[in-house]
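Coordinates in review
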Amino acid sequence: MSERLSVLKTYKLYVGGKFPRSESGRVYEVTDAKGTWLANAPLSSRKDARDAVVAARKAFGGWSGATAYNRGQILYRVAEMLEGRRDQYVAEVAGAEGLSKPKAAAQVDAAIDRWVWYAGWTDKIAQVVGGGNPVAGPFFNLSTPEPTGVVAVLAPQRSSFLGLVSVIAPVVATGNTAVVVASEESPLPALSLGEVLATSDLPGGVVNILSGRTAEIAAPLAAHQDVNAIDLAGADETLAKELETAAADNLKRVLRPQPVDNADWSATPGTDRMTAFLETKTVWHPTGALGASGSSY
């Protein structure tokens, strides 16, 4: 029997539910921890970043308007599909981070568990951070959280999958849409995540994934007038300062972890990353005339 040629995987961007090559036509080599070639990844351009923002904005209305319970169902379906591709992610994380197979498997399992954890929060976060407020007067005063909008997310550089999930899941669980810049040195798990999202029930454009030079892609996202917030998890100190300055032009929300890109992604996440990209809407409503018998309602 003659030897067959292996079919090498072509990694592509994930934008608007589709898999375009970079508008520039450029790629760059991705290597493992020992310098061995793994694949060519698309080198995204500023045009790719702008296209991703357009896709995210288009998807925002439908995703933010879906019921929280429905969002939870969709995100849980993503977790199911991640579980089915577990072996693939173990291999990619092992190559990306130079880990043994057991250690990579532990990272992948933790990432899938974290995705499920955030999926479970979709219909609970409003009860935790919202509620009725006591006021001195004949009014109902109710506060409810609403998604900020389009969020640019710089994925952690060192944690190619667990860190990636830890920054994407809280953004979309609360009804935002995301433009994600994958780890520059280890983008393959992120690009593979796009394949899972495309074949799940997640609407196209809710998550858009770009690979390439983090600083090159992040600059136009930070300055973009239709991006409402930015997560600087994958920026170094110098880049973070530059992006904060650019983001101030349209009063973006900025989440800047301290210290930058040195988080312990295995720690219990808490709700901070969900509340970071929520706005609180407070509504006052008259209770009606209050007489001896109580409310007129």
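Source: prediction; values computed, not measured. (Residues numbered from 1 in each chain as written. Predicted model: local features only at pLDDT ≥ 70, side-chain atom pairs only at ≥ 80, totals over all residues. Heavy atoms only, no water.)

1. As for the packing of helix α3 (residues 86-97) against helix α4 (residues 101-119)
- It is at 8 Å that the axes of α3 and α4 come closest, and there the two elements cross at 115°. In this structure, α3 meets α4 at a crossing whose hand is right-handed. Facing R86, Y89, V90, V93, A94 and E97 of α3, the residues of α4 in contact are K101, A104, A105, Q107, V108 and D109.
- In terms of residue class, the contact of α3 with α4 is made up of seven nonpolar, one polar and four charged. (Axes fitted to C-alpha atoms, helices over the stretch in contact; angles between N-to-C directions. Helix = DSSP H or I, 4+ residues; strand = E, 2+ residues; numbered from the N terminus. Left-handed = near helix turned anticlockwise from the far one by under 90°. Contact = heavy atoms within 4.5 Å. Nonpolar A, V, L, I, M, F, W, Y, C, P; charged D, E, K, R; others polar.)

2. A short note on the side chain of R114
- Among the structural elements, R114 can be located in helix α4.
- Of the side chains with opposite charge, D264 lies nearest to the buried R114, which makes no salt bridge, at 7.6 Å.
- Only 3.0 Å separates the side chain of R114 from the side chain of S166, close enough to count as a polar contact.
- Setting aside its immediate chain neighbours within four residues, R114 contacts L162, V165, S166, W265, S266, A267 and P269. (Buried < 20%, exposed > 50% of the residue type's maximum accessible area, 1.4 Å probe, protein only. Lys, Arg positive; Asp, Glu negative; His and termini not counted. Salt bridge = Lys/Arg side-chain N within 4 Å of Asp/Glu carboxyl O. Polar contact = N/O pair within 3.5 Å; in protein donor to acceptor, adjacent residues only side chain to side chain.)

3. Side note on unusual backbone geometry
- In this structure, L251 takes a positive phi of about 55° despite not being glycine.
- Mapping L251 onto the fold places it in the loop between α9 (237-247) and β9 (253-255).
- Given the relative accessible area of 75%, L251 is considered exposed.

4. Quick word on helix α7 (residues 188-198)
- Where burial is concerned, most of α7 is hidden: nine out of the 11 residues are buried.
- Those residues of α7 not exposed but buried are L188, P189, A190, L191, S192, L193, G194, V196 and L197.

5. A few points about the pattern of salt bridges
- Applying the stated rule across the entire model yields 13 salt bridges.
- Through salt bridges with shared partners, a single network forms among K9, R85 and E195.

6. Things to note about the sheet that holds strand β6 (residues 177-181)
- Strand order in the open sheet formed by five strands is β7-β6-β5-β8-β9, and the pairing between neighbours is parallel. In this open sheet, the two strands that pair with only one neighbour each are β7 (207-210) and β9. If you compare each strand with its neighbour and ignore which way they point, the axes differ by 15° on average.
- Pairing analysis gives four bridges linking β6 to β7, with the strands arranged parallel. The partner of V180 across the bridge, within β7, is I209.
- Contacting β5 (150-154), β6 and β7, helix α1 (residues 46-65) runs over the sheet at an angle of about 155° to β6.
- On the sheet, helix α8 (residues 214-223) packs against β5, β6, β7 and β8 (229-231) and is oriented at approximately 150° with respect to β6. (Pairing = 2+ DSSP bridges.)

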